[in-house]
Every structure is written in structure tokens, then in C-alpha cells.
Amino acid sequence: NGQNRIVVLSGANMQVNREDVEAALRQPYDAVITQLEIPLETVFALHEMTQERGIPLCIDAGPAMPLELERLAGPAALAVENLVLASISLARGE
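A brief structural summary. All of these numbers come straight from a predicted model, not from anything done at the bench.

Next up on the list: the nonpolar core. For soluble globular proteins, the rule of thumb is that nonpolar side chains tend to be buried together. Membership of the largest hydrophobic core comes to 16 residues, with the highest contact counts inside it found for L25, V32, L36, L46 and I59. When residues of this core are traced back to their parent elements, those giving at least two are α2 (40-53) and β2 (57-60). Top element by residues in this core is α2. It accounts for five residues. Not counting residues up to four positions away in its chain, the partners in contact with L25 are V32, L46, M49, T50, R53 and I55.

So this is what it looks like as C-alpha cells:
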């Protein structure tokens, strides 16, 4: 229907947790997009929950940081800029 929701609260990103994700996913979604601006454990929980529900997930892998790619196994799109990719690769010793 062309409608979407974008909510921005400065400084609130690091407060997002698994319970917030569970509450948000009680509504139906066609797709979900997130960044690494929320705690990594929350990103991993979001990945797990969207997989269980069959919801496509796109993760913008920024800001650059070490990332356990094994925990994102399965269907998910990982959007990575060259600088971020280099940072992930260096953190993994590649």
C-alpha cells in the first residue's frame, strides 16, 4: 500500500534487545532491514526470528566491526561497502 514506518530516536539504538524484536515481529512484514547500529546479539536474534517467520532480512553491515558471519547462516542479504568488507575480513584474519 506504499506506507512505511521510520522511527529515529537518537541514542536509543544500543537499547534495542531481543524482546523489542519479538514485540515488533508480532505484526506482519514483507521484509526487514537493519544495520549494525544495534547490539550484535539483537541482530543475530532478528536474523533467527525472521528466518523462523519466512521474512526476508537485509543487514547493512555498517558501521564496520568484527562480525561472526557463521551466526548469519541461511537466507539473508548482507549489504557491505568495500571499507566495511575490509574491516570484517581483517577481524576474521583473512
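Next comes the rest of the account.
It is worth spelling out the pairing of β2 at this point. Looking down a regular strand, the side chains alternate between one sheet face and the other. Residues L57 and I59 of β2 are buried on one face, while the alternating residues C58 and D60, pointing to the opposite face, are not. Relative to β2, strand β1 (residues 32-35) runs parallel, the two sharing four bridges. Bridge assignment links I33 to a residue of β2, and that residue is C58. Traced from β1 through α2 to β2, the parallel crossover comes out right-handed. As judged from the three bridges shared by β2 and strand β3 (residues 77-79), these two strands associate in the parallel manner. Residue pairing across strands places C58 opposite A77, the latter belonging to β3.

The three strands lie next to each other as β1-β2-β3, forming an open sheet whose pairing is parallel. If you trace the sheet from one side to the other, it starts and ends with β1 and β3, each paired once. In this sheet, adjacent strand axes meet at a mean angle of 20° when their direction is disregarded.

Taking 1.5 Å per residue as the helical rise, α2 with its 14 residues ought to reach 20 Å, and the 20 Å between its terminal C-alpha atoms agrees with that figure. Taken residue by residue, α2 has T42, V43, F44, A45, L46, H47, M49 and T50 as its buried positions. Where the residues of α2 are buried, they touch α1 (18-24), β1 and β2. A positive backbone phi angle near 70° is found at G54, which sits one or two residues after α2.

This paragraph deals with a nonpolar patch on the surface. There is a patch of nonpolar side chains on the surface, built from L69, L78 and V80 and spanning about 190 Å² of accessible area. Looking at the element boundaries, V80 is found in the loop between β3 and α3 (82-91). The class of V80 is partly exposed, set by a relative accessible area of 32%.

Quick notes on the rules
Residues numbered from 1 in each chain as written. Predicted model: local features only at pLDDT ≥ 70, side-chain atom pairs only at ≥ 80, totals over all residues. Heavy atoms only, no water. Core = buried A, V, L, I, M, F, W, Y, C linked by side-chain atoms within 4.5 Å. Buried < 20%, exposed > 50% of the residue type's maximum accessible area, 1.4 Å probe, protein only. Helix = DSSP H or I, 4+ residues; strand = E, 2+ residues; numbered from the N terminus. Contact = heavy atoms within 4.5 Å. Pairing = 2+ DSSP bridges. Right-handed = clockwise from strand over helix to strand, strands pointing away. Axes fitted to C-alpha atoms, helices over the stretch in contact; angles between N-to-C directions. Expected span 1.5 Å × (residues − 1). Patch = residues over 30% accessible without salt bridge, like charges linked within 9 Å, V, L, I, M, F, W, Y side chains within 5 Å. Areas by Shrake-Rupley, 256 points an atom, 1.4 Å probe, with all protein chains shown as cover. Salt bridge = Lys/Arg side-chain N within 4 Å of Asp/Glu carboxyl O.

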